[in-house]
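If you want the building blocks of each chain, they are given just below.
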Amino acid sequence: MRSYGDYSTAMNIPFIKQFTPSLLFESLMRNPWTYALGWRRSAFSSRWWWCSSSNAVNLTDGLDGLAIGPEMVIAAGRAHGADVRRRTRALAEYLQLARNPHTSELTVFCGSMTGASVGFLWYNAHPADIFMGDVGALGLGAPWRLVAVLIKQEVLLVFIGGVYVVEALSVILQVGSFKLRGKRIFKMAPLHHHFEALGWAESKIIARFWIAGLVMALFALSTLKLR
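All figures in this text were calculated on a predicted structure; none of them were measured in a lab.

Chemist: Would you mind showing me how to read the overall build of the protein chain here?
Modeler: When helices and strands are counted, the protein chain shows 10 helices and two strands. Residue burial in the protein chain is summarised as follows: out of 227 residues, 44% are buried. Counted over contacts in the protein chain with a minimum sequence separation of 6, partners at least 24 positions apart contribute 64%.

Structure representation (structure tokens):
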């Protein structure tokens, strides 16, 4: 397993034990003249994930409380993931994770985000008194990519943030289908507007999306052992 000090570059892949790829070009990093090129793939991946996670949260922010509900779940799940990595080496080896004692700061950060999300939801619940807006949505999406990179659970972000992923995919599929075939897959996109067009009440959509987010987050946490 490749590491630089306490930081391991090997990613954890859900359900697979032996496959722990690194986004670094190790051969290029051995030469001081090509060292910067060795980070090229990792830098591109980080930029792509940052943009995608930020925009996914922004697309989900279409109903009162819809985006902040899964945000609380993700924050709590990330706090758990960071806390596990800072604990004893025996626990890290049991879960097949690279131990990093410095992730205790990430645990505090994720815990504070959980509390802040709860406080915001108090005023953002339907009918909302305060709205998140683009600044809030984009700002909430970016940190989870950073935390995922630091604790090496980039792929797990797809599962723990499943609601955001589905919402973003619905927009991609809708736009792609309309441009290529001239037909829409959903009545409206993002997906929550599709259910609104079907006649679902706003409160029902929000509650069911929260439930889906909680289930996917629990599933993501279960992958720590299901490998």
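Chemist: Any chance you could explain the packing of helix H8 (residues 162-181) against helix H10 (residues 202-222) here in plain terms?
Modeler: A pair of packed helices is characterised by two quantities: the angle between their axes and the separation of those axes. Packing of H8 against H10 leaves a shortest axis separation of 8 Å and a crossing angle of 120 degrees. In terms of orientation, H8 and H10 fall into the oblique class. The residues of H10 that touch H8, namely those facing Gly-162, Val-163 and Glu-167, are Phe-209, Ala-212, Gly-213 and Met-216. Of the residues that constitute the contact of H8 with H10, the class distribution is four nonpolar, two polar and one charged.

Chemist: Mind showing me how you'd approach unusual backbone geometry here?
Modeler: With the exception of glycine, the majority of residues adopt a negative phi angle, and the majority of peptide bonds are in the trans configuration. Residue Pro-127 is bonded to the preceding His-126 through a cis peptide linkage, with omega at -5 degrees. With respect to the secondary-structure elements, Pro-127 resides in the loop between helix H5 (104-124) and helix H6 (133-150).

Chemist: What is the right way to look at the nonpolar core in this model?
Modeler: Across soluble globular proteins, nonpolar side chains have a tendency to be buried as a group. Among the nonpolar cores identified, the biggest contains 28 residues, and Met-132 and Trp-144 are the most heavily contacted of them. When contributions to this core are tallied by element, the ones reaching two or more residues are helix H2 (40-60), helix H3 (68-86), H5, H6, helix H7 (156-160), H8 and H10. Take this core: its biggest share by element is seven residues, from H3. In this view, Met-132 contacts Asp-61, Ala-67, Ile-68, Phe-120, Asn-124, Ala-137 and Leu-140; residues no more than four positions away in its chain are not counted. With nine residues, the next largest nonpolar core counts Leu-191, Ile-205, Ile-206 and Phe-209 among its residues.

Chemist: What am I meant to see in H6 here?
Modeler: Turn by turn, an α-helix covers 3.6 residues, leaving residues three or four places apart pointing in a common direction. For H6, spanning 18 residues, the distance from its first C-alpha to its last is 27 Å, which sits close to the expected 26 Å at 1.5 Å a residue. Residues of H6 that are buried: Ala-137, Leu-140, Gly-141, Pro-143, Trp-144, Arg-145, Val-147, Ala-148 and Val-149.

Chemist: Looking at this model, I keep getting lost on the environment of Asp-61. Mind explaining?
Modeler: Residue position: Asp-61 is located in the loop between H2 and H3. You can call Asp-61 partly exposed: its relative accessible area is 23%. Placed 129 residues apart in sequence, Asp-61 and Pro-190 show a C-alpha to C-alpha distance of 9.6 Å. Sequence-distant contacts of Asp-61, defined by excluding residues within four places in its chain, comprise Ala-67, Met-132, Gly-133 and Ala-137.

Chemist: Explain the environment of Ala-217 here, please?
Modeler: One can find Ala-217 in helix H10. Classification of Ala-217 by relative accessible area gives buried; the value is 4%. For the pair Ala-217 and Val-163, spaced 54 residues apart in the sequence, the C-alpha separation amounts to 9.6 Å. Dropping the residues within four chain positions of it, Ala-217 is found in contact with Val-73, Phe-159 and Ile-160.

Chemist: What exactly am I supposed to notice about the environment of Cys-110 here?
Modeler: Here Cys-110 is to be found in helix H5. Given the relative accessible area of 0%, Cys-110 is considered buried. Remark: the alpha-carbon pair of Cys-110 and Met-72, spanning 38 residues in sequence, is separated by 9.4 Å. Beyond its immediate stretch of four places on either side in the chain, Cys-110 contacts Ala-75, Arg-78, Ala-79, Trp-144 and Val-147.

Chemist: Would you mind showing me how to read H2 here?
Modeler: Relative to the 30 Å expected for 21 residues at 1.5 Å per residue, H2 spans 31 Å between its end C-alpha atoms, a close match to the ideal helical length. Those residues of H2 that fall on the buried side of the exposure criterion are Ser-42, Ser-45, Ser-46, Trp-49, Ser-53, Ser-54, Ala-56, Val-57 and Thr-60. End-on view of H2: buried residues confined to an arc of 160 degrees, all on one side of the axis. In H2, the exposed positions that point more than 90 degrees away from the buried face belong to Arg-40, Phe-44 and Arg-47. Tucked into the core, H2 has its buried residues touching H6, H7, H8 and helix H9 (191-197).

The rules we used
Residues numbered from 1 in each chain as written. Predicted model: local features only at pLDDT ≥ 70, side-chain atom pairs only at ≥ 80, totals over all residues. Heavy atoms only, no water. Helix = DSSP H or I, 4+ residues; strand = E, 2+ residues; numbered from the N terminus. Buried < 20%, exposed > 50% of the residue type's maximum accessible area, 1.4 Å probe, protein only. Contact = heavy atoms within 4.5 Å. Axes fitted to C-alpha atoms, helices over the stretch in contact; angles between N-to-C directions. Parallel < 35°, antiparallel > 145°, perpendicular 65-115°, else oblique. Nonpolar A, V, L, I, M, F, W, Y, C, P; charged D, E, K, R; others polar. Core = buried A, V, L, I, M, F, W, Y, C linked by side-chain atoms within 4.5 Å. Expected span 1.5 Å × (residues − 1). Arc of directions from axis to C-beta.

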